[in-house]
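Single-letter residue listing:
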Amino acid sequence: MEQVPHKDEFKRDIRIYFTIIALIALILIIHQLHLGILGIALIVTIAVGEAAILGYFFMHLMTKKKTIHLVLLLTVIVFLTLLFWPAWDVFYSPRTPSEFTSY
Amino acid sequence: MSKIHDSDLVPYKVETREDTGLYNAKFGIWLFLASEIMLFGSLFSAYILLRVGSFSWPVQSEYLNVPIGALNSVILLSSSIFFIRAWVALKADDIVKYKKFMYLVIAFAVLFLCFKGVEYYQHFSHHEYPKTSVFLALYFLMTGLHALHIIGGILVNIYYAGPGMYLRAENKQWFINRVEVAGLYWHFVDLVWIFLFSTLYLL
């Protein structure tokens, strides 16, 4: 939200709005297909795409200053570490089925 | 002697700083959003850790109401685009339009919470509580925290659409910047929901 958008930008925002809705519909279809691991990968990828489109256009990340990109880059690094370090630890820790918990 | 207002002592509320290239509130909100990413990131991390570390995991979509979740995604996305329209109207000095769109943002946010309430009611009527399973504990924690963010956003939006309008008379550009910053927060809340919906309802 950096400058006053004119009509073209309004049209662009509407196109983005419907694109994200179409992507929501797409992940619902993928969910219905029960594709297993492939389905999970596709749904996560599309969700990341939706979030990227929203951030890029609605939060105007494409026009933001380097300071914000730097803040976000550091955040993404920490976020990914938070996300994958524990999962990596679980994957590579030797376990027997009895050590797993049933939820 | 002219009276010095407190707000005059705050620098870079309208003009941009040379070092960051941003006015202070915008830099501040991005730092705040970064901390929010860490907060929700840690919860998503806990979700992954507990899921991959469990011997069995429930089929999530059997527990949750996917159509309501999808509808809520569209509702929140619509409120995001209304916020952009409100901000554009404010910059164009069209206050009637600004207020109209801000009320739409608030109405859609309340609608989102109503649907969330319906979902919670369905869970409770089936005796499904956070203590029932780890998945439901994560579901209630993450969506509950998100709902608190929505409530916070609603309060801020109500303030800027109503009682806070007097700030515009004080300094028009400063008020526009405040609304812009509130809008960035609102889009972020929408962005978090995209991940919550995909992760909790569909995976």
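Note: the structure precedes this text.
Residues numbered from 1 in each chain as written. Chains lettered and ligands numbered in written order. Predicted model: local features only at pLDDT ≥ 70, side-chain atom pairs only at ≥ 80, totals over all residues.

With respect to the interface of chain A and chain B
Across the boundary between the two partners, chain A contributes 40 residues, which contact 47 residues of chain B. Of all the secondary structure elements, the ones that give two or more residues to the side of chain A that touches chain B are helix 1 (7-33), helix 2 (37-58), helix 3 (66-92) and strand 1 (101-102) of chain A. Top contributing element to the side of chain A that touches chain B by residue count: helix 3 of chain A, with 13 residues. Split into classes, the residues belonging to the side of chain A that touches chain B amount to 31 nonpolar, 6 polar and 3 charged. (Contact = placed C-beta atoms within 7 Å. Helix = DSSP H or I, 4+ residues; strand = E, 2+ residues; numbered from the N terminus. Nonpolar A, V, L, I, M, F, W, Y, C, P; charged D, E, K, R; others polar.)

Remarks on the nonpolar core
If you look at the biggest cluster of nonpolar residues, it comprises 62 residues, and the most contacted ones within it are Ala86(B), Val105(B) and Tyr185(B). Where this core is concerned, the elements lending two or more residues are helix 1 and helix 2 of chain A together with helix 1 (24-52), helix 3 (66-91), helix 4 (95-125), helix 5 (134-161) and helix 7 (172-202) of chain B. The leading source of residues in this core is helix 7 of chain B, at 17 residues. With sequence-adjacent residues up to four places away left out, Val105(B) is seen in contact with Ser79(B), Phe82(B), Phe83(B), Ala86(B) and Asn157(B). (Core = buried A, V, L, I, M, F, W, Y, C linked by C-beta atoms within 7 Å. Buried ≥ 20, exposed ≤ 12 C-beta atoms within 10 Å, placed from the backbone.)

Overview of unusual backbone geometry
All names here are of chain B. For Tyr 12, which is not a glycine, the phi torsion comes out positive at approximately 55°. When you line up the elements, Tyr 12 lands in the segment before helix 1. The exposure class assigned to Tyr 12 is partly exposed, which follows from the 15 C-beta atoms found within 10 Å. Despite not being glycine, Asp 93 has its phi angle at roughly 65°, a positive value. Tracing the sequence through the fold places Asp 93 in the loop between helix 3 and helix 4. A tally of 11 C-beta atoms within 10 Å means that Asp 93 is categorised as exposed.

With respect to the packing of helix 3 of chain B against helix 7 of chain B
All names here are of chain B. Interhelical geometry of helix 3 versus helix 7 gives an angle of 165° and a closest axis separation of 10 Å. As the angle between them shows, helix 3 and helix 7 are arranged roughly antiparallel. Crossing of helix 3 against helix 7: the hand is left-handed. Here helix 3 contributes Val 66, Gly 69, Ser 73, Leu 76, Leu 77, Ser 80, Phe 83, Trp 87, Leu 90 and Lys 91 to the contact with helix 7, which in turn contributes Ile 176, Val 179, Glu 180, Gly 183, Trp 186, His 187, Asp 190, Trp 193, Ile 194, Phe 197 and Tyr 201. Residues that form the contact of helix 3 with helix 7 fall into these classes: 13 nonpolar, 5 polar and 3 charged. (Axes fitted to C-alpha atoms, helices over the stretch in contact; angles between N-to-C directions. Parallel < 35°, antiparallel > 145°, perpendicular 65-115°, else oblique. Left-handed = near helix turned anticlockwise from the far one by under 90°.)

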